Amino acid sequence: MFDSKFDVIVVGAGHAGCEAAAAAANLGSRTLLITMNLQNVAQMSCNPAMGGIAKGQIVREVDALGGYSGIVSDRSAIQFKMLNQSKGPAMWSPRVQSDRSLFTLEWRSLLEKTPNLDFYQDTVVDLIVESEQVIGVVTSLGLKIYSTTVILTNGTFLNGLIHIGEKNFGGGRAGEKSSLGLTAALESLGFTAGRMKTGTPPRVDGRSLDYSKMVEQPGDLNPSKFSFSDRTVPLTKQVSCHITHTNQDVHDLLRTGFDRSPMFNGSIKSTGPRYCPSIEDKINRFSDKSQHQIFVEPEGWNTVEVYVNGFSTSLPDDIQFKALKQVRGFENVKFFRPGYAIEYDYFQPTQLFHSLETKGVQNLFFAGQINGTTGYEEAAAQGIMAGINAHLKCKDETPFVLGRDEAYIGVLIDDLILKGTEEPYRMFTSRAEYRTLLRQDNADQRLTPKAHALGLVSDKRLKQVERKQHLGALTVSHLMKTSYDLEIANQLLKTKDDVTVTQTDKFSKLLSRPNIKRQDLHQFESVTKFLSENKIDDTIFEQAEIQIKYAGYIEKEKRNADKLNRLENIKIPSAFDYDRLASLSHEAKEKLSKLKPSTLGQASRISGINPSDISVLLVSMGR
């Protein structure tokens, strides 16, 4: 099986590893996916959900590039919600509650149907490197497996250490052993490692909960889906989640365990996620708050197991149990398993190029939590990009890199490579300066043509996108050219308590009003007739509405992006000597020499690089 050389070896079968393996194999590279346990492919280690604020945009981008995360999420969903709909469309974010077991089964099924992809269950403990170039891996069984490229997606398994109160033991996830040896091997090659921490809440028996004391959270009335492809359909039935809250009694009980908490007694020294803190961290940092929200999330269609979102903890199991019993609706709670914290090794992502290839060792790629990120979605995004670029490296082709104005994926990778991270990084809409351009609804139009050019999506999918673009433009044109009926318009405006008009105007003007929605235009026969004759569905009509309502914002962001992208077109030679530029600040010389940005645009986004430094470089590049 291992006599011949692979093109790509992917180590780890989490969300990053699965997307990386699928992308490389679908592009035609002979790929091997090595994981410690093939029964746990794409395991949802923490919450049983995909998407959310900014994360939903990433899942749609992965799908638009030909990845599988959107398809799997749709096929395993038990609830769909579009978050932030009270805000502008740049903030809308899709999210699904998932069936944890079905999610893994669907991923495994898709991977097994992927040509060019082989599987092997073992632990990678070392790399084979010659002349600063990786040529293969060594497994715990002593096997040497050779390949042109290697992608490491080790998640939380590198020297993983699980904490529950004063107890701690090695593990990469509950019930699974940690991966030992690889960190030392990478450090011997010159890589700098660090430690990070994440946590997870208790899982409980849903039969022991009193949902009548909680607030029900149903899914959307007319649910959508993640994938732009026709391989999935929206849900026709859904499972509700519920909300309850902690209280002062809960907080007081939790505090009794602080002296035995690894968070406070020095056992955990690493940094945890700022935006997903443990319950003990919340009540310590926000001591003025008398309650915190708890989301009660079912684990699937056919299980009573429940995920207690918002109660992540590493406190002693007896304290967890006593405190949770004080939560409204949890008075008779029964645990399936307690919450825990896990510490693991990661590698500062400033040691990578934007292609996710390492700077120190050629043909070696990192993706996922090994780069200091947190979240399934961020991992999947890095995975598909690493898989694409590993394939391209095998072919000696130019790396595939997305800009900050092209995708949230571009923002994610650019942030990691140029800024690094000292805490688990997660994506937010606020991190994207061009978020009006990077909406969840247009991810296919932004990225599917690029994926088609790579060979990762079919002609059929490209034609679907082209049709969507054509019908969207046709709808916008119709609304901008066609005038509305004055009497019907004023009747509509009165019902909205809006200012009436004295003369007719174009539909685009009417739709530009904040109180007027596209659904209101169905009152006009000329609109309904146009939509019907051209077979324009609500998805396309919604995009036309966004284009009209937010035209000014969209154009402004496009102009800003074009202005800044001029710096992206000015390349910096890889061997450029910054020390010879006397006008550069000492900090600029140090950081530019270390991070080696490939363009002036990248250089401008490095922390500590000033506009005056960029001016010096501009003059130098001109010369």
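Basis of the calculations
- Residues numbered from 1 in each chain as written.
- Predicted model: local features only at pLDDT ≥ 70, side-chain atom pairs only at ≥ 80, totals over all residues.
- Heavy atoms only, no water.
- Helix = DSSP H or I, 4+ residues; strand = E, 2+ residues; numbered from the N terminus.
- Rg over C-alpha atoms; globule rule 2.2 N^0.38 Å.
- Buried < 20%, exposed > 50% of the residue type's maximum accessible area, 1.4 Å probe, protein only.
- Contact = heavy atoms within 4.5 Å.
- Lys, Arg positive; Asp, Glu negative; His and termini not counted.
- Charge placed at Lys NZ, Arg CZ, Asp CG, Glu CD.
- Salt bridge = Lys/Arg side-chain N within 4 Å of Asp/Glu carboxyl O.
- Phe/Tyr/Trp six-rings, centres within 6.5 Å; stacked < 30°, edge-to-face > 60°.
- Patch = residues over 30% accessible without salt bridge, like charges linked within 9 Å, V, L, I, M, F, W, Y side chains within 5 Å.
- Areas by Shrake-Rupley, 256 points an atom, 1.4 Å probe, with all protein chains shown as cover.
- Pairing = 2+ DSSP bridges.
- Axes fitted to C-alpha atoms, helices over the stretch in contact; angles between N-to-C directions.

Participant: So what's going on with the overall build of the chain? Residues and values would help.
Facilitator: Per the secondary structure count, the chain includes 20 helices and 20 strands. Taking 623 residues into account, the globule formula puts the C-alpha radius of gyration at 25 Å, and the chain, at 26 Å, falls close to it. Principal-axis analysis of the C-alpha atoms gives the chain an extent of 80 × 75 × 50 Å. Across the 623 residues that make up the chain, the buried fraction comes to 57%. The long-range share in the chain, meaning contacts at least 24 apart out of those at least 6 apart in sequence, stands at 73%. One way to put it: in the chain the 75 positive side-chain charges average out to a point 2 Å from where the 73 negative ones average out.

Participant: Go over the pattern of salt bridges, please, and point to the residues and values.
Facilitator: Counting across every chain of the model gives 37 salt bridges. Here Arg100 makes a salt bridge to Glu299, at a shortest N to O gap of 2.3 Å. Within this pair, whereas Arg100 is found in helix H4 (residues 100-112), its partner Glu299 is found in the loop between strand S16 (293-298) and strand S17 (305-309), the two being separated by 199 residues in sequence. Take Arg100 and Glu299: they sit in the same class, and that class is buried. With a closest N to O distance of 2.9 Å, Arg404 and Asp414 form a salt bridge. Here Arg404, found in the loop between helix H9 (376-394) and helix H10 (408-419), pairs with Asp414, found in helix H10; they are ten residues apart in sequence, far enough to count as distant. The class for Arg404 is buried, based on a relative accessible area of 9%. Salt bridges sharing common partners tie together Arg404, Asp414, Asp415, Lys419, Glu433, Glu568 and Arg605.

Participant: Any details on the packing of aromatic side chains? Residues and values, ideally.
Facilitator: What describes a pair of aromatic rings is the distance from one ring centre to the other and the angle between the planes of the rings. Summed over all chains, the structure comprises 14 aromatic pairs. Centroid distance Phe191 to Phe366: 5.5 Å. Interplanar angle 45°. Geometry classified as tilted. With a gap of 175 residues between them, Phe191 in the loop between helix H5 (182-188) and strand S12 (193-200) and Phe366 in strand S20 (residues 364-366) connect regions that are remote in the sequence. Accessibility assignment for this pair places Phe191 and Phe366 in one class, buried. Each residue in the set Phe2, Phe6 and Tyr120 is aromatic and connected to the rest through ring pairs, giving one cluster.

Participant: A description of a positive patch on the surface should follow, citing residues and the corresponding values.
Facilitator: Together, Lys556, Arg559, Lys563 and Arg566 give the surface a local cluster of positive charge. Within the secondary structure, Lys563 sits in helix H17 (residues 551-568).

Participant: Could you give an account of the sheet that holds strand S5 (residues 93-98), naming the residues involved and the relevant values?
Facilitator: Here we have three strands laid out as an open sheet, ordered S3-S5-S4, and antiparallel in their pairing. The open sheet has two edge strands with one neighbour each: strand S3 (49-51) and strand S4 (77-83). Looking at each pair of strands side by side, their axes are set apart by 15° on average, direction ignored. Alignment of S3 against S5, held across three bridges, turns out to be antiparallel.

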